[in-house]
Structures are given as structure tokens and as C-alpha cells.
Amino acid sequence: FELQRIGALDDHGWITHLGALLARLPLPPALGSAFFLGGLLGAPEAASFVCSALSSREPWMRRGKDGEEQRAPAVDDFAKGADGRDIWSDAFTVAHALRLYETARNGKNFCAGKGLILPVMQQMSSARWQLARTLQEFGCSPDATGESEAGVGAEGDESSP
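Residues numbered from 1 in each chain as written. Predicted model: local features only at pLDDT ≥ 70, side-chain atom pairs only at ≥ 80, totals over all residues. Heavy atoms only, no water.

### Remarks on the overall build of the chain
Then comes step 1: A tally of regular secondary structure across the chain gives 9 helices and 2 strands.
Then comes step 2: Taken from the N to the C terminus, the helices and strands of the chain come in the order α-α-α-α-β-β-α-α-α-α-α.
Then comes step 3: Here the chain holds 161 residues, and 40% of them are scored as buried.
Then comes step 4: Put simply, of all contacts in the chain between residues at least 6 apart along the chain, 53% involve residues at least 24 apart.
Then comes step 5: Approximately 9400 Å² of the chain is accessible, and the part contributed by carbon and sulfur atoms is 54%. (Helix = DSSP H or I, 4+ residues; strand = E, 2+ residues; numbered from the N terminus. Buried < 20%, exposed > 50% of the residue type's maximum accessible area, 1.4 Å probe, protein only. Contact = heavy atoms within 4.5 Å. Areas by Shrake-Rupley, 256 points an atom, 1.4 Å probe, with all protein chains shown as cover.)

### A look at the environment of Ala-30
Then comes step 1: Its place among the elements puts Ala-30 in helix H3 (residues 29-40).
Then comes step 2: In this structure the C-alpha to C-alpha distance between Ala-30 and Glu-2, which are 28 residues apart in sequence, comes to 8.0 Å.
Then comes step 3: Discounting residues that sit within four places of it in the chain, Ala-30 has contacts with Glu-2 and Ile-6.

### Some remarks on the pattern of salt bridges
Opposite charge on two side chains makes pairing possible when the charged atoms of those side chains draw close.
Then comes step 1: Within this structure, the stated rule accounts for 3 salt bridges.
Then comes step 2: For Arg-24, the salt bridge goes to Glu-137, with nearest N and O atoms at 3.5 Å. Placement of Arg-24 in the loop between helix H2 (17-22) and H3 and of Glu-137 in helix H8 (residues 118-137) is noted, with a sequence separation of 113 residues between them. Of the two residues, Arg-24 and Glu-137, neither departs from the other in class, the shared state being exposed. (Salt bridge = Lys/Arg side-chain N within 4 Å of Asp/Glu carboxyl O.)

### What to know about the nonpolar core
Then comes step 1: Ranked by size, the top nonpolar core spans 21 residues in total, and within it Trp-60, Tyr-101, Leu-116, Met-121 and Met-124 carry the most contacts.
Then comes step 2: Put simply, the parts of the chain that give this core at least two residues each are helix H4 (44-54), helix H5 (75-78), helix H6 (90-103), helix H7 (107-114) and H8.
Then comes step 3: A per-element tally of this core places H6 first, with 6 residues.
Then comes step 4: Discounting residues that sit within four places of it in the chain, Met-124 has contacts with Ser-52, Ala-53, Ser-56, Pro-59, Val-94 and Leu-98.
Then comes step 5: In this structure, Ile-6, Leu-22, Leu-27 and Leu-135 belong to the second largest nonpolar core, which totals 13 residues. (Core = buried A, V, L, I, M, F, W, Y, C linked by side-chain atoms within 4.5 Å.)

### A few points about H4
Then comes step 1: With 9 of 11 residues buried, H4 is to be regarded as a mostly interior element.
Then comes step 2: Along H4, the residues that are buried comprise Pro-44, Glu-45, Ala-47, Ser-48, Phe-49, Val-50, Cys-51, Ser-52 and Ala-53.

### Looking at the packing of H3 against H4
Then comes step 1: Where H3 meets H4, the axes come as close as 7 Å, and the angle between the chain directions of the two elements is 160°. Here H3 lies roughly antiparallel to H4, going by the angle between them. In terms of crossing hand, the pair formed by H3 and H4 is right-handed. Along its contact with H3, which presents Leu-31, Phe-35, Gly-38 and Gly-39, the element H4 presents Pro-44, Ala-47, Ser-48, Cys-51 and Leu-54.
Then comes step 2: Classifying every residue of the contact of H3 with H4 gives 6 nonpolar, 3 polar and no charged. (Axes fitted to C-alpha atoms, helices over the stretch in contact; angles between N-to-C directions. Parallel < 35°, antiparallel > 145°, perpendicular 65-115°, else oblique. Left-handed = near helix turned anticlockwise from the far one by under 90°. Nonpolar A, V, L, I, M, F, W, Y, C, P; charged D, E, K, R; others polar.)

### Description of the confidence of the model for the chain
Low-pLDDT stretches of the model should not have their predicted coordinates read in fine detail.
Then comes step 1: When pLDDT is averaged along the chain, the result is 79, and 76% of the positions lie at 70 or above.
Then comes step 2: Here residues 143-161 scores under 50 on pLDDT; set against residues more than four positions off or in separate chains, the count is 47 contacts. (pLDDT = per-residue confidence, 0-100.)

What follows is the structure, encoded as C-alpha cells:
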């Protein structure tokens, strides 16, 4: 039913053009649909950041010595927009952390200083670039997907694209 609701299958259960596109993405169908919609609405870069954030685990949860989960000290820094106002969405907060990670000169030091889990940030960055390239293949301009930005990942990471 969900696949028909988002337009991936028609009323007879046959795959639609959208369904064929969604099948090429490493995302659940509903998230893939939102990703394509973001690209069509002129926000492909934001769509790639947010969908990467939503498809991964939170990067800043750490276990304390007593086994209780604790927030990383810098989480509140990521929950602020460029204007200093609070971002009221966990997905946008993670996307903001990912954007800052990708622009950091040294991803390993950035993660250590901000209490982020490096392998999670590497995985999210890799997924984001894969999504950005996918939108580029479907006609979004390189500038819109971030491919022309100076740097394609945080230096000092073995898995940067």
C-alpha cells in the first residue's frame, strides 16, 4: 500500500517510472521519494544532507562509564542555524553536523573535538555524495549537488570520496 501511496506502483501493482527511480536509491521508498522531491523543488544539496542524516544512526551518542547514553557536549552547537536560532529538527541538526564535518580540514580531529563518531560521519558523507551524484545523473546541475564545492569530504579520512 505504501508503494502505491507514494506513486512507486500503479493501481494494478505495476512499477511506475518513479518506482524504477526509487529502486536505484539506497534509501527506503518514502525517504527516496522525499529525496527526489527535494531535488525537483530546487534543493538537491539540502535533500542529500537531510536524507543522509535520516538514513543513518545519530553520530553523537556515546555510552558513559555507567552504560547510560550521554549526549556529546557539542550537540547544542549543531542545533543552531546560521542565524544563531535553534533548529527544531533532529534531522536538520544531524545534517548541519554533516555539512560542518565535510568542510572541516581534518575530519578525524573535528569528530574528536565535537564528540562525534568518526565512522558514522564517514558513512553519512559517503552516502550523501552518492545521493548527490544520483541527482546529478538525473539532471540536477553539479553546483546544486555540491560537486563543485572546494573539497569532497573531510581531509584526513581514509574513506572520503
